[in-house]
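A look at the structure
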Amino acid sequence: MCSSVTNVFETGKYTTQLQTVDSCSYKQHAPPPKSLLIATPIEGGKFPILLFLHGYVLLNSFYSQLIQHVASHGFIVIAPQLYTVAGPDISDEIYSVAAITNWLSEGLCKILPPNIEPNFQKLALGGHSRGGKTSFAIALRKLNITPDLKFSAIIGVDPVDGMDIGKQTSPPVLTYVPHSFDFDMATLVIGSGLGDVKRNPLFPPCAPKGVNHENFFSECDKPCWYFVAKDYGHVDMLDDDTKGVRGKASYCLCKNGESRKPMRMFVGGVMVAFLKAYLNGDNGELLAIRDKKVSVPVEIKFDHYV
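The following paragraphs examine the structure supplied in this document. Residue numbering note: each chain is counted from 1, following its sequence as written. Owing to the predicted nature of the model, reporting of local features is limited to residues with pLDDT of at least 70; listing and counting of side-chain atom pairs is limited to 80 or more, with chain, interface and lining totals taken over all residues. The basis for the side-chain values is all heavy atoms of the structure; hydrogens and waters are excluded.

1. Description of the overall build of the chain
Numbering of helices and strands runs from the N terminus, with a helix taken as a DSSP run of H or I at least four residues long and a strand as a DSSP run of E at least two residues long. A count of helices and strands for the chain gives 7 helices and 9 strands. Taken over C-alpha atoms, the radius of gyration comes to 18 Å for the chain, in line with the 19 Å a tight globule of 306 residues would show. With respect to the three principal axes, the spread of C-alpha positions in the chain is 50 × 45 × 40 Å. Buried residues are those whose accessible area, probed at 1.4 Å on protein chains only, stays under 20% of the maximum for their type, while exposed residues exceed 50% and partly exposed ones sit between those limits. Per-residue burial for the chain yields a buried fraction of 57% across its 306 residues. Any pair of residues with heavy atoms lying within 4.5 Å of one another is described as a contacting pair. By sequence separation, contacts in the chain at least 24 residues apart represent 81% of the contacts at least 6 residues apart. Counting only carbon and sulfur atoms, one obtains 53% of the accessible surface of the chain, whose full area is about 12,600 Å². Each charge class in the chain was averaged separately, 29 positive and 29 negative side chains, and the resulting centres sit 2 Å apart. C-alpha atoms define the radius of gyration, and 2.2 Å times the number of residues to the power 0.38 defines the globule rule. Computed with the Shrake-Rupley method and a 1.4 Å probe, the accessible areas treat only the protein chains shown as cover for residues. For this count, His and the chain ends are skipped, Lys and Arg are scored as positive, and Asp and Glu as negative. Note that the charge is assigned to NZ on lysines, CZ on arginines, CG on aspartates and CD on glutamates.

What follows is the structure in structure tokens.
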């Protein structure tokens, strides 16, 4: 790998734009299977792609600042709205992500600005919370689903596999066998130090012990990177202003840090460093974070690499 260092926790060199594509009202070309929020650079070029999945009952729009941060470093980030209401089964999400992935090669170029070219040879899949679990399920070929395009990297942002051991959402991902994940790609797991802490006695923690980032990392095989932000919670990487009932609930149900911006910068920066390493072949920023040679916006509780 090449090696160079910039500050991935700050906004990148590209100016970005957000584009919303409604699967129901889009009539010009073949519509995407689900509505999409897409962040791209404005400056022309050919860019790697990240497909990023939202957390449980959250909206893709709640991640607009995070995905724009990633896009500002030279990536196309596609955030589908997989559902508005969901039960304790992710099968529909798995089928939807496969359908979206299969649509990309045919439909994405037709909806992007003409100066923006997607690089389908450099494709990553990631998600937050339940979306992180779904990303791992796709990589593990759950339900015997294999999308047409090949993913080269997987990201789990505070992934959660249900309510507790024995109460995993179906199909379960965790098997509690160390290093048992059998996919042939690099993995990044980001955890929140407060995710397993209850906000109040009436509700369970948003990322319970036994089904959270610790367990996902334990089952990852090489190469896997693992970072945990100490004083931040399960939804602290969302936008500062998340509107509506769901947005207000994101501030009420989970234990939170003092503000969202530091965690959002941290999550976005680590994602950028990882994507640059495993999609672009430049591991300088990732090594700098590991070796503590760059200023990080949060206190890291734990970092590890296998």
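Once you've had a look at it, read on.
2. Looking at the sheet that holds strand β2 (residues 36-41)
Strands are labelled as partners when DSSP assigns at least two bridges between them. In spatial order, the strands read β1-β2-β4-β3-β5-β6-β7-β8-β9; together these 9 strands make up an open sheet with mixed pairing. Each of the sheet's edge strands pairs with one partner strand only, and the pair in question is β1 (16-21) and β9 (300-305). Going from strand to strand, the sheet's axes swing by 20° on average, the running direction of each strand aside. As defined by bridge partners, strand β5 (residues 116-128) adjoins strand β6 (residues 153-157) across 5 bridges and the pair is classed as parallel. In the strand pairing of β6, glycine 127 is matched with glycine 156. Comment: axis = line fitted to C-alpha atoms, over the contacting stretch for helices; angle = value between 0 and 180 degrees taken between N-to-C directions. Sitting on the sheet, helix α2 (residues 91-111) is in contact with β1, β2, β3 (45-53), β4 (76-80) and β5, with an inclination near 150° to β5. Along the sheet, helix α6 (residues 261-279) makes contact with β3, β5, β6, β7 (186-192), β8 (224-229) and β9, crossing β7 at roughly 170°.

3. Examining the state of the cysteines
The definition used for a disulfide is geometric: two cysteine sulfur atoms within 2.5 Å. Across all of its chains, the model carries 1 disulfide by this definition. With its sulfur 1.9 Å from that of its partner, cysteine 206 forms a disulfide with cysteine 254. Taking the torsion about the sulfur-sulfur bond, which here is approximately -95°, the covalent link between cysteine 206 and cysteine 254 counts as left-handed. A residue pair is termed long-range when its members are at least 10 positions apart, and cysteine 206 in the loop between β7 and α4 (213-219) and cysteine 254 in the loop between α5 (244-252) and α6 qualify at 48 residues. By relative accessible area, which is 7% here, cysteine 254 ends up buried. The cysteine cysteine 252 is free of any disulfide, with cysteine 254 supplying the nearest cysteine sulfur at 9.9 Å.

4. Section: the pattern of salt bridges
Should the charged atoms of two oppositely charged side chains come close, the side chains can pair. By salt bridge we mean one thing: a side-chain nitrogen of Lys or Arg within 4 Å of a carboxyl oxygen of Asp or Glu. Counted under the stated rule, the structure contains 13 salt bridges. Note that glutamate 299 is salt-bridged to lysine 230, the shortest N-O span being 3.7 Å. Remark: lysine 230 occurs in the loop between β8 and α5 and glutamate 299 occurs in the loop between α7 (284-290) and β9; sequence separation between them is 69 residues. We classify lysine 230 as partly exposed; its relative accessible area is 35%. Lysine 276 is the partner of glutamate 285 in a salt bridge, and the nearest nitrogen-oxygen pair spans 3.4 Å. For lysine 276, a relative accessible area of 14% corresponds to the buried category. What emerges from the salt-bridge pattern is a single network uniting Asp196, Lys209 and Glu214.

5. Looking at the packing of aromatic side chains
How two aromatic rings sit relative to each other is given by the distance of their centres and the angle of their planes. Planes of paired rings set the category: under 30 degrees apart is stacked, over 60 is edge-to-face and the rest tilted, where pairs are Phe, Tyr or Trp rings (Trp by its six-membered ring) whose centres lie within 6.5 Å. For the structure on display, the rule yields 12 aromatic pairs. With centroids separated by 5.1 Å and ring planes inclined at 65°, the aromatic side chains of phenylalanine 136 and phenylalanine 216 adopt a geometry described as edge-to-face. Taken as a pair, phenylalanine 136 in helix α3 (residues 130-139) and phenylalanine 216 in helix α4 lie far apart in primary sequence, 80 residues in all. In this pair, the class of phenylalanine 136 matches that of phenylalanine 216, namely buried. Members of the aromatic cluster, each reached through a chain of ring pairs, are Phe136, Phe181, Phe183 and Phe216. Consider the ring centre and the ring normal. A charge sits over the ring if Lys NZ or Arg CZ is within 6 Å of that centre and within 35 degrees of that normal. Sitting over the ring of tyrosine 251, arginine 260 keeps its end group 3.6 Å from the ring centre.

Honestly, it's all geometry; don't read function into it.
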